[in-house]
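Residue strings, one per chain:
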There are 2 protein chains.
Amino acid sequence: MAHPMTTNISRGPYKPGRIREQSRDLILQAAEAEFACHGFRGATMQRIAESAQVPKANIHYYFSNKLGLYGAVLENTLNLWDTVFNELSSHDEPADVLSRYIDAKIDFSRTHPTASRLFAKEMISGAPHLSAYLQQDYRLWFKQRMSIFESWIAQGKMDDLDPAHVIFMIWASTQYYADFEPQILIATQTQHLTEPAFVAAADSIKHIILKGCGIC
Amino acid sequence: MAHPMTTNISRGPYKPGRIREQSRDLILQAAEAEFACHGFRGATMQRIAESAQVPKANIHYYFSNKLGLYGAVLENTLNLWDTVFNELSSHDEPADVLSRYIDAKIDFSRTHPTASRLFAKEMISGAPHLSAYLQQDYRLWFKQRMSIFESWIAQGKMDDLDPAHVIFMIWASTQYYADFEPQILIATQTQHLTEPAFVAAADSIKHIILKGCGIC
DNA sequence: TCAATACTTGTCTATTTAGTCAACTTTTCA
DNA sequence: TGAAAAGTTGACTAAATAGACAAGTATTGA
C-alpha cells in the first residue's frame, strides 16, 4: 500500500546487472540435479530452493513457474551438448572420427553426469518436453552422420551395417557410465568412478566398435 | 459403529480366494506403468487408481502404502527378470552363449519395455530401493559371468578385454531399445518399433560384439 | 440359507505442493 | 547522495496429495 511509486521524477535508469546471471545459474544448477534425480513431476520447488539455499519465492522471481524452470534447465543442457559435440565431424579416417567421438562422449559422461541423466529421464518418460528439439537439430545431426557412415560403407572402409544401430550402440555404451553409475559401482565393487576407469571404458568401447565394424 | 463383529458364532471360515490375485495384478500392472513413466516421487496413487479403474481406497486395501506398492512392483519385475535370464549359462562356445544372451536381452526390451524403464529410472535416481537386491543376487551373477569371460580369454577364444566393460556394453546396447524408444523413433522416422526392427538391432549388436571381441 | 469373512468404495483429514503478494533490502547511476 | 530500479523474502492461498475409516456389498462354505 505504501510502495514508493507516487513521484515520477526519473533520476536515472538501471543497468542489467550481473547478479541476475549469478542467481539464475545457482538455481539452474540445483534444479538440474533435482530434476535429474526425481524427474519433472517428482522434483519439488521447495527442495530445489533448499539445495540452492535461496527462498522458494526467489526462484519464482527468475522463472515463471516449474515448467519454465525445467525448460530453462533443458535449454541450458542442450547448449552445453551442442558446444561439446559440434566440433566433431570431418573427412578424416573413420577410425579417427569414431575414436575421438567415443572419447568425447565418455568424457561428457564423466564431467556432466547429471546432464546425461536429465536427458535419460526425459527419454524414458517419453520425451514430452523435448519433441521440438528432437524434431529439428537432432534429426539433422542424425541424418548427416548416417550419410557419413554410408559413404564409408560404400568406400569399403567399414562393414555393411545399418549406421543407425552403430550410432545407437555408441550412445548407449557411452551414456551408460553416467546414467547407470550405481549398477557399475556395485558390479565393480568400487566407491566412485575414477578418471582412469572412464579411460579404460573408452578404450574397451573403441576396441569393440572399431574392430566390430571392420574399421582398421 | 454397526460393524457385524458382535456375535462370535463361527459358521465356517473363508478360502483364500483368487479375487485377491486378480485385483492385485491389475493394480500392479497400472502401478508399473505409472512408476516407470514418472518415477517413485512423480507417480501418484490417484493416477494409478484411474489407470487401473479402481477407487484409490482399493489400492490401500491390497498394499500398505505407496512405498509398499512400489516395492511389490519392483519385486514382481525382479522375479520376471530372473525367470527370463536364469536359463542362460553354459559351457558352449562363446559365440553361441553371447548370441543367445543378446537375443534374449533384446527380446526382453521388446516384450517388457516398462520393466526395463522402471529399472532404468531407479538406477538413474541412485537405486535407493534396489540396494539389497544389487548387493546379493546381482553381484553373484556378475562375478560368475566375469569368470566365464576370463576363462575364454585364457583359452584364447576372445580378445583380452576387461569382461566388465563387455557386459556393460551388451546391457547398454540392448536396454537402449526399450529405455530410449522416443529417441530411436524420431531418429528412424517411424511410429513404433516393430519386431523385425528389434531383430535387426540384435543382429547388428551381435555382429559388432562378437567380431569386436575377437570371437569367431 | 446364513453368518463369517473377503472385498469395495465414498468421504474425510492432515500434509505437501506450486504459486502469489506486498513489504523489504540492495544495487545502480546521474 | 538519493531516487529508481533490481533483487529478496516471509507469509499467505488454493489445489493436489497420501492415507484413514466406516459403511457398505460380494463370496464362501457348512
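Since the model is a prediction, treat every value here as computed from it, not as a measurement.

### Topic: the relation of the copies chain B and chain A
Thought 1: With an axial shift of 0.0 Å and an RMSD of 0.1 Å, the rotation relating chain B to chain A amounts to 180°. Seen this way, the second copy is the image of the first under a two-fold rotation axis.
Thought 2: Comparing interface residues between copies, 100% of those in chain B also sit at the interface in chain A, which points to an isologous, same-surface contact.

### A closer look at the nonpolar core
Thought 1: Of all hydrophobic cores here, the largest spans 148 residues; its most connected members are Leu69(A), Phe142(A), Ile209(A), Leu69(B), Phe142(B) and Ile209(B).
Thought 2: Aside from chain neighbours lying at most four places away, what touches Leu69(A) is Ile27(A), Leu28(A), Ala31(A), Phe35(A), Met45(A), Ile48(A), Ile59(A) and Phe63(A).

### Things to note about helix H4 (residues 66-85) of chain B
Thought 1: Counted at 1.5 Å a residue, the expected span for H4(B) with its 20 residues is 28 Å, and the 29 Å between its end C-alpha atoms agrees.
Thought 2: For H4(B), the complete set of buried residues consists of Leu69(B), Tyr70(B), Ala72(B), Val73(B), Leu74(B), Thr77(B), Leu78(B), Trp81(B) and Phe85(B).

### Let's talk about the side chain of Gln183(A)
Thought 1: Checked against the element boundaries, Gln183(A) lands in helix H9 (residues 181-188).
Thought 2: Here the side chain of Gln183(A) touches Tyr176(A) through a polar contact of 3.0 Å, side chain to side chain.
Thought 3: Beyond its immediate stretch of four places on either side in the chain, Gln183(A) contacts Tyr176(A), Met123(B), Tyr138(B) and Trp171(B).

### Let's talk about the side chain of His38(B)
Thought 1: In this fold, His38(B) is placed in helix H1 (residues 19-42).
Thought 2: A polar contact of 2.4 Å, which involves the side chain of His38(B), links it to the side chain of Arg41(A).
Thought 3: In this structure, His38(B) is in contact with His38(A), Arg41(A), Ala43(B), Arg47(B) and Lys121(B), ignoring residues within four places of it in sequence.

### Brief notes about the domain arrangement of chain A
Residue and element names in this part refer to chain A.
Thought 1: Each assigned domain of chain A is listed here: domain 1 (19-70) and domain 2 (87-212).
Thought 2: With nine residues of domain 1 at the interface, the matching set in domain 2 holds seven residues.
Thought 3: A combined buried area of about 640 Å² lies between domain 1 and domain 2, and 63% of that area is made up of carbon and sulfur atoms.
Thought 4: Interface area lost by domain 1 to domain 2 is led by Glu32, Ala36 and Tyr70, which between them contribute 69%.
Thought 5: Where domain 1 touches domain 2, the interface holds zero salt bridges.
Thought 6: Applying the counting rule to domain 1 against domain 2 returns five residue pairs in polar contact (both at pLDDT 80 or more).

Parameters at a glance
- Residues numbered from 1 in each chain as written.
- Chains lettered and ligands numbered in written order.
- Predicted model: local features only at pLDDT ≥ 70, side-chain atom pairs only at ≥ 80, totals over all residues.
- Heavy atoms only, no water.
- Least-squares fit on C-alpha atoms with pLDDT ≥ 70 in both.
- Contact = heavy atoms within 4.5 Å.
- Core = buried A, V, L, I, M, F, W, Y, C linked by side-chain atoms within 4.5 Å.
- Buried < 20%, exposed > 50% of the residue type's maximum accessible area, 1.4 Å probe, protein only.
- Helix = DSSP H or I, 4+ residues; strand = E, 2+ residues; numbered from the N terminus.
- Expected span 1.5 Å × (residues − 1).
- Polar contact = N/O pair within 3.5 Å; in protein donor to acceptor, adjacent residues only side chain to side chain.
- Domains from an automatic or database assignment.
- Buried area = accessible area lost by both parts, 1.4 Å probe.
- Salt bridge = Lys/Arg side-chain N within 4 Å of Asp/Glu carboxyl O.

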